[in-house]
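# Residue-level structure breakdown
Each chain, letter by letter, is given below.
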Amino acid sequence: MSVKSHSGATSATDEDNGEYQLVEHEMLCSSRNLFEVLEFLGRGVFGQVVKCRNNRTNEIVAIKILKNKPVEGSIMARLSRESPDQYKLVQAYECFKYKDHLCLVFEMLNHNLYDFISFQTLPLKYIRPILQQVATALRKLESLGMIHTDLKPDKIMLVDNAARQPLRVKVIDFGLAIQVSEAVRSACMQATCYR
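Right, let's walk through the structure included here.

On to the overall build of the protein, then. Per the secondary structure count, the protein includes three helices and 11 strands. When the elements of the protein are put in sequence order from the N terminus, they spell out β-β-β-β-β-α-β-β-α-α-β-β-β-β. Within the protein, buried positions represent 44% of all 195 residues. If you sum the accessible surface of the protein, you get close to 10,600 Å²; carbon and sulfur atoms cover 51% of it.

Here it is, written out as structure tokens:
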């Protein structure tokens, strides 16, 4: 997954905080695909996520448009070569620049674990497989010398949860991930309430 630069012509502009302002049905262009923005999914410190349709394949994907932190692109490029399905990591399809913003294209997943458990109490038969899958992801990150640093229920996404039992999950959002060699022993690496 390499970064390709491509620009598109729209009337959207950058906000003062460096975030690109998307317009519904805007077309995001990479060197090999054209993505139509269908809906806004969320916003975080480092950017925003939108649901898009790949006009070449008609596949629905999630695109994360970063403000100014290109580090996640290189991390996702590395992880995409590591059998993401096997290791319970989100699948990254491509990475490209659009209007000077890095765009990461991911598989579209269902709900995050935080939202899912907000509606119900999870029985042990769900908890055990979820924890085993998250442990698989963390073991893979450890073998690559990486630390997620921001793992919490909203960073764990359900994969087609209506269709399969036991629940399948994948770890997402590597915007704060670091190499073990960069870790500082006394540094806070996760939101306090989740530690």
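That covers the picture; the talk isn't over yet.
Now for the pairing of strand 5 (residues 60–66). Extensive coverage of strand 5 is indicated by the burial of six of its seven residues. Linking strand 4 (residues 47–54) back to strand 5 in an antiparallel pair, the connection comprises five residues, with Asn58 at a positive phi of about 70°.

Counting through the fold element by element, Leu89 comes out in the loop between helix 1 (71–80) and strand 6 (92–98). Once residues lying within four places of it in the same chain are set aside, the contact partners of Leu89 are Leu79, Pro84, Glu107, Ala137, Lys140, Lys170, Val171 and Phe174.

Quick look at the pattern of salt bridges now. Here the structure, examined in full by the defined rule, presents 11 salt bridges. Two residues, Arg32 and Glu94, come together in a salt bridge whose shortest N-O distance is 3.7 Å. Of this pair, Arg32 sits in the loop between strand 2 (27–29) and strand 3 (34–43) while Glu94 sits in strand 6; the two residues are 62 residues apart in sequence, bridging distant segments of the chain. On the basis of relative accessibility, which here comes to 48%, the residue Arg32 falls in the partly exposed class. Looking at Glu94, the relative accessible area reads 6%, which means it is buried. Bridged by salt links that share partners, the residues Lys64, Glu72, Asp150, Lys152, Lys155 and Asp173 form one connected network.

A word on unusual backbone geometry. A positive phi angle is found at Ser83, which is not glycine, with a value near 55°. Tracing the sequence through the fold places Ser83 in the loop between helix 1 and strand 6. Residue Ser83 is classed as partly exposed on the basis of its relative accessible area of 38%. A positive phi is found at Thr149, a non-glycine position, where the angle reads about 70°.

A ring pair, where both rings are aromatic, is described by two values, the distance of the centres and the angle of the planes. Counting across every chain of the model gives two aromatic pairs. Ring centres 5.9 Å apart and planes at 10° place the aromatic pair Phe35 and Phe96 in the stacked group. Here the residue Phe35 occupies a position in strand 3, and Phe96 occupies one in strand 6, the gap between them amounting to 61 residues. By the burial criterion, Phe35 is buried, and Phe96 matches it.

In terms of burial, helix 1 is largely enclosed, as seven of its 10 residues are buried. Those residues of helix 1 lying buried are Glu72, Gly73, Ile75, Met76, Ala77, Leu79 and Ser80.

Let us now look at helix 3 (residues 124–143). Spanning 20 residues, helix 3 covers 28 Å between terminal C-alpha atoms, matching the ideal 28 Å at 1.5 Å per step. Buried within helix 3 we find Tyr126, Pro129, Ile130, Gln133, Val134, Thr136, Ala137, Lys140 and Leu141. Across the axial projection of helix 3, the buried residues extend over an arc of 145°, all falling on one side. Exposed residues lying more than 90 degrees from the buried face of helix 3 are Leu124, Lys125, Leu131, Arg139, Glu142 and Ser143. The elements touched by buried residues of helix 3 are helix 1, helix 2 (113–118), strand 8 (146–147), strand 9 (156–159) and strand 10 (168–171). Downstream of helix 3 by one or two residues, Gly145 has phi in the positive range, about 75°.

Rules of the game
- Residues numbered from 1 in each chain as written.
- Predicted model: local features only at pLDDT ≥ 70, side-chain atom pairs only at ≥ 80, totals over all residues.
- Heavy atoms only, no water.
- Helix = DSSP H or I, 4+ residues; strand = E, 2+ residues; numbered from the N terminus.
- Buried < 20%, exposed > 50% of the residue type's maximum accessible area, 1.4 Å probe, protein only.
- Areas by Shrake-Rupley, 256 points an atom, 1.4 Å probe, with all protein chains shown as cover.
- Pairing = 2+ DSSP bridges.
- Contact = heavy atoms within 4.5 Å.
- Salt bridge = Lys/Arg side-chain N within 4 Å of Asp/Glu carboxyl O.
- Phe/Tyr/Trp six-rings, centres within 6.5 Å; stacked < 30°, edge-to-face > 60°.
- Expected span 1.5 Å × (residues − 1).
- Arc of directions from axis to C-beta.

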